[in-house]
Structures are given as structure tokens and as C-alpha cells.
Amino acid sequence: MFKYFPHTEKDLQAMMEKIGITSLDDLYAEVPEDIRFRGDYQLPEQMSEVEVRQLFDKLGKQNEELTCFGGAGVYDHYTPAAIPALLSRSEFLTSYTPYQAEISQGTLHYIFEYQSMMAELTGMDISNASMYDGTTAAAEAVMMAVAAGKKQNTVLISETIDPKTLKVIETYAHFHGIKIEMIQQKDGVTNLPHLLSLLSLHQGKVAGVFVQQPNYYGIIEDYSGYADAIHEQKGLFIMSNIAADLAILKTPGEWGADIAVGDGQSLGIPMQFGGPYVGYMCCTEKLIRKMPGRIVGMTKDNRGQRAFVLTLQAREQHIRRQKATSNICSNQSLMALFVTMYMSLMGKEGLREAAQLSYTGAHYLCDKLLSTGHFKLVYDKPFFNEFVVSYDGDVDALQHRWLEHGIFGGVKVAEGQIMFAVTEKRTKEEIDHLIELALV
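Since the model is a prediction, treat every value here as computed from it, not as a measurement.

1. Digging into helix α12 (residues 333–371)
Each α-helix turn comprises 3.6 residues. Residues three or four places apart therefore point the same way.
At step 1: Taking 1.5 Å as the rise per residue, α12 with 39 residues should run 57 Å; its terminal C-alpha atoms sit only 46 Å apart, a clear shortfall.
At step 2: Taken as a whole, α12 carries its principal kink of about 95° at G347.

2. Focus: the layout of surface pockets
At step 1: Reported here for the largest pocket is a volume of approximately 680 Å³.
At step 2: E65, L66, D76, M271 and Q272 are the residues nearest the centre of the largest pocket, which is lined by 21 residues in total.
At step 3: Here the lining of the largest pocket is composed, by residue class, of nine nonpolar, six polar and six charged.
At step 4: When its volume is computed, the second largest pocket comes out at roughly 440 Å³.
At step 5: If you trace the second largest pocket, you find 25 residues lining it, with G73, T135, D162, T165 and D263 closest to the centre.
At step 6: Listing elements by their share of the lining of the second largest pocket, those giving two or more residues are α6 (134–149), α7 (163–176), β8 (236–242) and β9 (259–263).
At step 7: Here the lining of the second largest pocket gets three residues from one element, more than from any other, and that element is β8.
At step 8: For the lining of the second largest pocket, the residue count by class is seven nonpolar, 13 polar and five charged.

3. A short note on the pattern of salt bridges
Side chains that differ in charge, positive against negative, can pair when their charged atoms come close.
At step 1: Under the defined criterion, the tally for this structure stands at 15 salt bridges.
At step 2: We note a salt bridge from R53 to E49, for which the minimum N-O separation is 3.1 Å. One end of the pair is R53 and the other is E49, both in helix α2 (residues 49–60) and four residues apart, which spans about a single turn. Neither residue differs from the other here; R53 and E49 are each classed as exposed.
At step 3: For the salt bridge of E415 with K412, the shortest nitrogen-to-oxygen distance reads 3.7 Å.
At step 4: We classify E415 as exposed; its relative accessible area is 71%.

4. So, the pairing of strand β17 (residues 417–421)
On a regular strand, one side chain projects to one face of the sheet and the next to the other, so that they alternate.
At step 1: The element β17 is extensively covered by neighbouring structure, given that four of its five residues are classed as buried.
At step 2: Pairing of strand β14 (residues 386–391) with β17, which is carried by five bridges, proceeds in the antiparallel orientation. Bridge pairing in β17 places E386 opposite A421.
At step 3: Alignment of strand β16 (residues 411–414) against β17, held across three bridges, turns out to be antiparallel. Bridge pairing links V411 to M419 in β17.
At step 4: In this antiparallel pair of consecutive strands, β16 and β17, the connection spans two residues, and G416 shows a positive phi of 80°.

5. Things to note about the sheet that holds β17
At step 1: If you walk across this open sheet you meet the four strands as β13-β14-β17-β16, and the pairing is antiparallel. Only two strands of the sheet have a single neighbouring strand rather than two, namely β13 (375–377) and β16. Ignoring strand direction, the axes of neighbouring strands in this sheet form an average angle of 40°.

6. Focus on a nonpolar patch on the surface
At step 1: A cluster of nonpolar side chains, contributed by I19, L24, L27, Y28, V31 and I35, occupies part of the molecular surface with about 610 Å² of accessible area.
At step 2: Residue class for I19 comes out exposed when judged on its relative accessible area of 55%.

7. Section: the side chain of Q233
At step 1: Within the secondary structure, Q233 sits in the loop between α9 (226–232) and β8.
At step 2: Judged by its relative accessible area of 15%, Q233 falls in the buried class.
At step 3: At 2.9 Å, the side chain of Q233 forms a polar contact with the backbone nitrogen of G204.
At step 4: If near-sequence neighbours (up to four positions away) are discounted, Q233 is found in contact with Q152, L199, Q203, G204 and V206.

Cut-offs applied
Residues numbered from 1 in each chain as written. Predicted model: local features only at pLDDT ≥ 70, side-chain atom pairs only at ≥ 80, totals over all residues. Heavy atoms only, no water. Helix = DSSP H or I, 4+ residues; strand = E, 2+ residues; numbered from the N terminus. Expected span 1.5 Å × (residues − 1). Bend = angle between axes of the 7 residues up to and from the residue. 1 Å grid on protein atoms, 1.4 Å probe; cavity = no way out; pocket = protein on both sides within 12 Å on 5 of 7 lines; lining within 4 Å. Points joined across faces, edges and corners; volume = space filled by probe spheres on them. Nonpolar A, V, L, I, M, F, W, Y, C, P; charged D, E, K, R; others polar. Salt bridge = Lys/Arg side-chain N within 4 Å of Asp/Glu carboxyl O. Buried < 20%, exposed > 50% of the residue type's maximum accessible area, 1.4 Å probe, protein only. Pairing = 2+ DSSP bridges. Axes fitted to C-alpha atoms, helices over the stretch in contact; angles between N-to-C directions. Patch = residues over 30% accessible without salt bridge, like charges linked within 9 Å, V, L, I, M, F, W, Y side chains within 5 Å. Areas by Shrake-Rupley, 256 points an atom, 1.4 Å probe, with all protein chains shown as cover. Polar contact = N/O pair within 3.5 Å; in protein donor to acceptor, adjacent residues only side chain to side chain. Contact = heavy atoms within 4.5 Å.

Quick look at the structure:
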């Protein structure tokens, strides 16, 4: 009956002993009990096409669409209607890795355009053909810095980065022998004196320094002098950004960064329950051979016509995996195509306008919250479209009240503290409604 057993009981036992667990259930120990499904699966009998459509339509209506004021790495941005229509075309939706350039010119072309746009958006020399998401791109950047530094295996990371990103970096670092040290924060921003002391302490042994802009709390940090201090100690400067914010903010290239990473979800990709998203990675030209994934280039064929090819990819990923700097490949390039379409349709002015509307809306919301007398800014620092406030009442009760009225009212980041995010989709009426409910 069963033609293939992937693992025997003995195999499973050996693997569990190796990682220090006693049962497969231990792998899910971190999943909270209150969100675990304990019932029986309601799997219906066979249905006709009409019945299947009706079933899924009924299931879909169980989802409650909320007006979203939450962020923390995922943002409710506008998606131009043309993108889903174009993206669902079969030649895009079903295409695979473009190994055969002669029959993959369309795929290679849009990846090339994606790279060109991301390099311009970040102010960097080179972009690869996209990564899985922002967190894995960050972890790969840390590994890339260590690979470039050869004998340097310490990476300094600011305490102001997204905790989710830090967890993924720590997981990668643990299995690659990379030492992570945290740079302390002070008043919500990276503590520069502490960074300088760590660089001095390690004396040229730091492979890279990782920061985020805007940081996890939405604060726009001043990274003046960071690149010089890091480069003086032979380290690499790594910066993570929310892609859409770079339409207005100073780019990683302008800050002197060597590697720029982040998530492209803010470039019109719907939140859709957490994915799929797209990570980007850009770097200076001198680091091109340390970059994971692949790079598409433009050339001319023997007839002088423009053609696209896979210019560079780490072959160790395929034939000498144990010697590879990274075993990651490009993400499903469908999402790279998504953000390429978005940037093409929006244009430079559209990207700037969306970012400006997000900025203006966030500051309007902040002012309205403070004017109630019940909220205070936790960090009185410049912010873009996200900020943290403290509340003098019951945060859980307040957020529940908002939920009852169809509003996702920010992310609770600490006891008594809420982080709000505003995008170009949030209207003045929605913001005023949120404020009214806060005063009930």
C-alpha cells in the first residue's frame, strides 16, 4: 500500500534525540494553547463545482475585514487593480526558474527590471533576484558579512530592530557559529557611544553592524558617522528598511551602507494573513560575489538584439552545498513581479505621494490621540508612519472596543503601550472614528 516511507521510527527517534526532544509534539511547544485546533476536521463529501464555490464563498464570509491601524512590519497599502489581473496570467503564474534563457526571456526581463528598480530605490549598486521575505534577507545579510570578513564572526545588532527579524537572525547565527552582540538602545534609538565602545573592544573583529530605518518603534534614526566608524574597523554596514518608505527617506546608499535588506510587502502586496511576501537584498559592487541567490543581466545575442541571462549565481548551492556561503535560492519571482508592476504603475511621484500621505496621516492620528489627554508618546522622536504611545487605561479593553466596531487598533508592544501605523489607505473619517471610540 505504501511505496515509500521517508523515515523509519528509528530515524525519527535519532533525529529527536539529536535536537533534544522526546516527541514530535515538542516541535510545537511554542504554539499557544488558545490558538491550537482541537476539534475534528469538517471534511465534506464530494461536491459539484457549484457546491464547492458556494462552500468557499460561505467560508470566506466568515472572515471579518477590519480597518487596520497596525503595522510592526506588515502594512495595509493600496494595490492597483491592474496587478492581480496581470499577475494571474498563466505565463506568469505558472512560470518556473529561468534556467533556459532562450525560452525564459520574459521572466528574465522582469527580474532584471525588478533588480534595476530596487537598486535605484535603495541607492545601491547591485540587487539580487529577490529573497523569501525581509527576515530571511536580514539573516542572509549577516551571513554574507561574515563570509566577506573571513576570520570575523561577530555581528553587532541594534536593539531597535524588529524582534521578529532578530529571532530569525539568531536562528541562522546559531547554526553557523556566528556570534551576535546587541547594541543598546537609549530613548528608543541606537546608542552610538555603546556601538563605538563595542567596535573598539573587538578591534577589527566585527564582520558587520545591523540597524533598521525606520526602527521597530517607527522612529527615524540618525545614522550619521556610522559607516565611517564601522568601515574603520573593517566591518560592513547593514541596513534594513521598509521598502515603501525609501520613496522619501534617505537611502541606505546615502547612509554609506554596504548591504541593504528589507521586505517589499509595503510595495502594494496585500497583508493576506502573513504572506507570501518578498525580501530584497542590495549591496555595493565589491560584494557581488558574496551575495546569495542569483542576478539577471542584460546583454546582446549574436544578432545584436537585447537579451537577458542569468549572469551570476552561486553554483555551490547546487553542486557543493557544504561549501556554499548560502543555500538559499531566489524567492518565487511572482512576488518580485508584483512589486515591479507596482513600482511601474505608481511611478516615482506615486510612490512619493503614497509615502507622504502615510506620513501625514500618522502625524494627524498622533496629534489627535495626544489631544485626548489619555495618550502620551513613549519616544518623543521623529517618526515616519508608525509610532508608540502609552495609554492611561486598560489597553486590552480599548482594543477590544475597537475590534467590536471593525477596527484593528494598533499593536500592543508592551504593558500599557500601543504602536499605531497609518498608510495612504486610512482616511480622516476612519482616524476620527478611532478617536471617538477611544473616548467612550
